[in-house]
Amino acid sequence: MSEPATPRRLGAAVAIDQDGPRILGLVDLSERLDSRLVLAESPPPGIPAGLLGVAILRAEEAARNHELPVGLWQVPLTLDSGEVTAGTPRRGTGGALAAAALEAATGLDLESLTHELAAGASTASLLTAVRGHALATAISALDPEDGFAPSPGRVAVLRLASGPGLRTAALAREGETLPATSGGAITLLSAWGRDRAEAIARLHGAVRRSVVLVAGGGTDQGFVSRLLSGREIERFPGSAVAALASDGDLLSRHGDQAALVYAAIAAHAGELTATRERFFASAARGRPEVPEELSRGVELRYRGRSYLFHVERLGYDEWRLESGGLRITARLHHRPDGGVRLEAGMR
């Protein structure tokens, strides 16, 4: 596999106060599928320090030449063949992923800073040193097997990971039905590490441990996990998505059966939690409602096909599933690192 010849796209976050512009940091915005940003990083990886210095100077020049009013702005930058070109500044920080990566790298609260600048605050005492490395991504209602077309439905289960250096934000609610044309983000995840390797490992762990299931639709969670765990992100910083796409392997095909079994269990567990909450709520009103059945049907869509599972919980971490004439007994083993090992037998 050869490295894709892709120009690097950066964003310089600029704070404008009464004294002029101040660069808050640089974010790499190169990892895209078509026009959609998949991964944001700060500081930009794999770029010589001297060239990053030139990028900061170009961003400052653009901010001054456009005589920007007070507030937060982003100056788009293109790095190609050692040359840096600045585009027209845009108000804001360049979107949720860029803001999340920059906040994780600098420790800034950009929303609060926006209000402070509007109120006349100065950036003179603002500490903006980038520490370590940060990345941000999203899990969206998109189908990687159908050219990342929108794949909406009802958010059946939404369980976000937590841990050191992680920030997660739910952009949809469990039980919410996504619009028919929606391919938007369901959850936003960012990770900070002392170096890039640690940040990647933390973000990959967060994506892997999160449970995001869309009934009647799907997500790009598997693709994002593959991106963060593959060799491309290490070998081709800034163009890993392009390298992965050119390799023709957008989604790892290992463990498909295990993924379906775990997804069915997770969906059923989410339904059990909702049933339990409804029972306690009705009991508090003096009229407890007992569910008629303890086993449920779970329908999943995967690689363009639908699978119907009949799921029954046998114990705390033991389950029985039936699908297409197969009977599966499964047990979940929770690991100290927050991961889960699935043990399953079919007959």
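In case you missed it, the structure is sitting above this.
Rules used throughout
- Residues numbered from 1 in each chain as written.
- Predicted model: local features only at pLDDT ≥ 70, side-chain atom pairs only at ≥ 80, totals over all residues.
- Heavy atoms only, no water.
- Helix = DSSP H or I, 4+ residues; strand = E, 2+ residues; numbered from the N terminus.
- Buried < 20%, exposed > 50% of the residue type's maximum accessible area, 1.4 Å probe, protein only.
- Contact = heavy atoms within 4.5 Å.
- Areas by Shrake-Rupley, 256 points an atom, 1.4 Å probe, with all protein chains shown as cover.
- Pairing = 2+ DSSP bridges.
- Core = buried A, V, L, I, M, F, W, Y, C linked by side-chain atoms within 4.5 Å.
- 1 Å grid on protein atoms, 1.4 Å probe; cavity = no way out; pocket = protein on both sides within 12 Å on 5 of 7 lines; lining within 4 Å.
- Points joined across faces, edges and corners; volume = space filled by probe spheres on them.
- Nonpolar A, V, L, I, M, F, W, Y, C, P; charged D, E, K, R; others polar.
- Polar contact = N/O pair within 3.5 Å; in protein donor to acceptor, adjacent residues only side chain to side chain.

Participant: Please set out the overall build of the chain residue by residue, giving values where relevant.
Facilitator: The helix and strand inventory of the chain stands at 8 helices and 18 strands. For the chain, with 347 residues in total, the buried portion stands at 46%. If you take every contact in the chain between residues at least 6 apart in sequence, the share linking residues at least 24 apart comes to 59%. By element, 50% of the accessible surface of the chain is carried by carbon and sulfur atoms, the whole surface being about 17200 Å².

Participant: I'd like a rundown of the environment of E271, residues and numbers included.
Facilitator: When you line up the elements, E271 lands in helix α8 (residues 256–284). Judged by relative accessible area, which is 24%, E271 ranks as partly exposed. As for E271 and V157, which are separated by 114 residues in sequence, their C-alpha atoms are 8.2 Å apart.

Participant: Break down the pairing of strand β1 (residues 8–17) for me, with residues and values.
Facilitator: In terms of burial, β1 is a largely internal element, 9 of the 10 residues being buried. Judged from the 9 bridges that link them, β1 and strand β4 (residues 71–80) form a sheet pairing that is antiparallel. Residue pairing for β4: I16 is matched across the bridge by G71. Where β1 meets strand β2 (residues 20–33), 8 bridges bridge the pair, whose relative direction is antiparallel. Bridged to V14 within β2 is I23. The turn joining β1 and β2, which pair antiparallel and follow one another in sequence, is formed by 2 residues.

Participant: Mind laying out the nonpolar core, listing which residues take part and the relevant values?
Facilitator: Among the nonpolar cores identified, the biggest contains 32 residues, and I186, L203, F223 and L228 are the most heavily contacted of them. Elements supplying a minimum of two residues to this core: β3 (36–42), β7 (133–140), β10 (154–159), β12 (185–193), α4 (196–209), β13 (211–215), α5 (221–229) and α7 (240–246). Those residues in contact with L228 that lie beyond four places of it in its chain are L39, I200, L203, H204, V207 and I233. Core analysis: the next-biggest nonpolar cluster, separate from the first, contains 22 residues, A15, A40, L102 and A136 among them.

Participant: So what about empty space enclosed by the protein? Which residues, and what values?
Facilitator: Tallied over the entire structure, the rule returns 1 cavity of 30 Å³ or more. When its volume is computed, the largest cavity comes out at roughly 40 Å³. Lining the largest cavity, in full, are G11, A12, A13, V27, Q74, T93, A98, A99 and L102. For the lining of the largest cavity, the secondary-structure elements that each account for two or more residues are β1 and α2 (96–106). Tallied by class, the residues present in the lining of the largest cavity amount to 6 nonpolar, 3 polar and no charged.

Participant: So, α5: which residues are in play, and what are the values?
Facilitator: For α5, a buried count of 7 out of 9 residues is recorded, marking the element as mostly surrounded by other parts of the structure. Three or more residues of α5 are buried, namely Q221, F223, V224, S225, R226, L227 and L228.

Participant: How would you explain the side chain of T106 if you had to name every residue and give the values?
Facilitator: Secondary-structure assignment places T106 in helix α2. Looking at T106, the relative accessible area reads 8%, which means it is buried. A polar contact is formed between the side chain of T106 and the backbone oxygen of L102, at a distance of 2.7 Å. Here the side chain of T106 touches L108 through a polar contact of 3.2 Å, landing on its backbone nitrogen.

So yeah, pure geometry; function would need other evidence.
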